[in-house]
Amino acid sequence: MAKLSLSKEKIKVVLLEGVHPDAEKLFRADGYDNIHTYRSTPHDDELREILSDTHILGIRSRTQLKGQNLEACDKLMAVGTFCIGTNQVDLETCKNQGIPVFNAPFSNTRSVAELVMAEIILLLRGIPEKNAKAHRGEWQKSAVNSNETRGKTLGIVGFGHIGSQLCILAEAMGMNVKYCDIENKLPLGNSEAVGSLAELLPQVDVLSVHVPDTELTRQMIGAKELALLPEGSFLVNAARGHIVVIEDLVNALRSGHLHGAAIDVFPEEPASNQHPFTSPLTEFDNVILTPHIGGSTQEAQVNIANEVADKLIKYSNNGSTSSAVNFPEVSLPALHPDLTRVMHIHANKPGMLEQINHAFSSQKINIAAMYLQTSGDVGYVIMDVNCESSDPIVNRLKDIEGTIRVRVLH
Ligand code: NAI
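Scope of this entry: the structure provided in the associated data block. (Residues numbered from 1 in each chain as written. Predicted model: local features only at pLDDT ≥ 70, side-chain atom pairs only at ≥ 80, totals over all residues. Heavy atoms only, no water.)

**As for the site of the ligand**
The following threshold applies: The near set for a molecule or strand comprises every residue that places at least one heavy atom within 4 Å of it. We define a polar contact as two N or O atoms separated by no more than 3.5 Å, with the added condition that, inside protein, one atom must be a possible hydrogen donor and the other a possible acceptor, whereas residues neighbouring each other in sequence contribute only through side-chain atom pairs. Each accessible area value is a Shrake-Rupley result obtained with a 1.4 Å probe; residue values ignore everything except the protein chains displayed when judging cover. All residues other than Ala, Val, Leu, Ile, Met, Phe, Trp, Tyr, Cys, Pro, Asp, Glu, Lys and Arg, Gly among them, are scored as polar; the first ten of these are nonpolar and the last four charged.
Around the ligand, the surrounding shell holds 25 residues, and the nearest of these are H161, I162, D181, V211 and D264. A distance of 2.6 Å separates an oxygen atom of the ligand from a polar atom in the side chain of H161. One of the side-chain nitrogen or oxygen atoms of D264 is found 2.9 Å away from a nitrogen atom of the ligand. Its free accessible area being 860 Å², the ligand has 86% of it covered by the protein chains. Among the residues making up the shell around the ligand, the classes are represented as eleven nonpolar, nine polar and five charged.

**Some remarks on the state of the cysteines**
Threshold: Any pair of cysteine sulfurs within 2.5 Å is marked as a disulfide. Working definition: with a 1.4 Å probe on protein chains only, accessible area under 20% of the residue-type maximum means buried, over 50% means exposed, and in between means partly exposed.
According to the stated counting rule, one finds zero disulfides in the structure shown. Between C180, a free cysteine, and C167, which holds the nearest cysteine sulfur, the sulfur-to-sulfur gap is 13 Å. Residue classification places C180 among the buried positions, given a relative accessible area of 7%.

**Section: the layout of surface pockets**
The gaps of empty space that remain are located by a probe, the size of a water molecule, rolled over the atoms. Rules: Using a 1 Å grid laid over the protein atoms alone, points where a 1.4 Å probe fits but cannot get out form a cavity; open sets with protein on both sides within 12 Å along at least 5 of 7 lines form a pocket; any residue with an atom within 4 Å of a point counts as lining. Grid points are joined across faces, edges and corners, and a volume is the space filled by probe spheres set on the points. Per the convention used, a helix needs a DSSP run of H or I reaching at least four residues, while a strand needs a run of E reaching at least two, with both numbered from the N terminus.
Counted as a void, the second largest pocket has a volume near 380 Å³. Along its surface, the second largest pocket is lined by 23 residues, and L123, G126, N145, F234 and H259 are the ones closest to its centre. Of all the secondary structure elements, the ones that give two or more residues to the lining of the second largest pocket are α5 (109–125), α6 (127–135), β10 (233–237) and β11 (258–263). When its residues are assigned to classes, the lining of the second largest pocket shows eight nonpolar, ten polar and five charged.

**What about the sheet that holds strand β4 (residues 78–81)?**
Convention followed: Following DSSP output, two strands are said to pair if at least two bridges run between them. Any pair of residues with heavy atoms lying within 4.5 Å of one another is described as a contacting pair. Helix axes are fitted only over the stretch in contact, all axes being lines through C-alpha atoms; the angle between N-to-C directions runs from 0 to 180 degrees.
With parallel pairing, the five strands of this open sheet are ordered in space as β2-β1-β3-β4-β5. Either end of the sheet is taken by a strand with one partner, and the two such strands are β2 (35–37) and β5 (101–102). Judged from the four bridges that link them, strand β3 (residues 56–59) and β4 form a sheet pairing that is parallel. Residue L57 lies in a different strand from β4, and its bridge partner there is V79. Helix-sheet contacts for helix α11 (residues 298–318) involve β3, β4 and β5, and the interaxial angle to β4 is about 170 degrees.

**Considerations on helix α12 (residues 352–361)**
The line we're drawing: By construction, the arc corresponds to the directions joining the helix axis to the C-beta atoms.
For α12, every residue scored as buried is listed here: M352, I356, A359 and F360. End-on, the buried residues of α12 take up no more than an arc of 95 degrees, which puts them together on one face. When the buried face of α12 is taken as reference, the exposed residues oriented beyond 90 degrees from it are E354 and H358.

**Some details on the packing of α5 against helix α7 (residues 161–172)**
Heads up, the condition is: Under this scheme an angle from 65 to 115 degrees is roughly perpendicular, one under 35 degrees roughly parallel, and one over 145 degrees roughly antiparallel; angles in between are oblique. Should the near helix be turned anticlockwise from the far one by less than a right angle, the crossing is termed left-handed; should it be turned clockwise, right-handed.
Viewed as axis vectors pointing N to C, α5 and α7 meet at an angle of 50 degrees, and their least axial separation amounts to 9 Å. With respect to their mutual orientation, α5 and α7 come out oblique. When you trace α5 past α7, the crossing you get is right-handed. Together, T109, R110, V112, A113, E114, V116, M117 and I120 of α5 and H161, I162, Q165, L166, L169 and A170 of α7 make up the contact between the two elements. When grouped by side-chain class, the residues that make up the contact of α5 with α7 number nine nonpolar, three polar and two charged.

Now the structure itself:
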């Protein structure tokens, strides 16, 4: 079990894969100075050696925190994935070992919305085709099929973080926005909610999808839906690759029913920049193809660094787990200077609280405040108490059967 109480100077923070330097700055500004940064991820043994005494680990998408790598983490307290996804981490094992994992799911919202807005402008002007032709020495000076955005209708499927941000940008450009969502979403500005996708499709000049990858959204835009879009309209997908049926999109482009598209995500994407990209869409000059970079901007990297580092610091400093992806979520107030905060992570089973309470009451220690949250098999209880961190009560807590981890702050 990890040591119960550690000072900030002793907490070893490891940031791998060239996490943006703002993360390190934030840790240092908060008093952490045992920070080790790496431009990439060392291999196997070297990595495990580093992990063996790491308390807080920051990774991006390539470091696999699973199997032997996770087993090597004897002292790990919290993990931050400085990116959107968390597939690279064995979340369940982390949870069962009392290790919360944090990410930054919405740090790149603005980046995606801006790219999509730019693509809408380019598509409505027929720029992708004109640009491709100019590169081949063809001059296509013409106003045919070249339109402003003002007064056109943008249909948004999924009015979440990105969809609603795009709505604001599109309205600022003078577009009318209609959207559909499975949840009841409050319209922003002059936008208008439409009852269903089938109802939305015939009304739009451009359709942009911003839904997650779920059973309901996979292949959501296929031949039937594309046929419902007006002749000469456009499709944008910067959400997930399986939402649009590429074969059907190819047919709609080939027939001229759609005048163009912008696609940032694909059903199969190259594993790295060293692998080739292939898609039946490469034959179309009127299709903008981008390598899944909707959210890839310097600003998003800075946002991610700040958001994830902030969550890790909050957890380390006061135990808050708000927005952890695998852990009971608790948002805690600052600790009163006269109190000690005891955090008990345990198997979520009947009788746990009773035993914890008994441990304190039997020592006549007053619990000034208590917070509890559970998630599946794991419970997280936080108590602000009048005792010293070195008090034997703290050690007693870890002897309670089902205890995963005890941490103390004061
Ligand atoms: P979000 O969770 O804030 O919003 C998604 C919205 O879709 C929610 O309002 C939800 O109710 C709605 N929704 C879910 N299922 C639906 C359905 N069947 N029909 C209609 N609406 C449905 O997510 P956010 O941040 O706006 O992201 C949207 C998409 O963008 C996700 O697929 C995400 O993975 C993708 N994305 C792509 C990036 C890129 O680099 N291209 C970067 C960031 C996100």
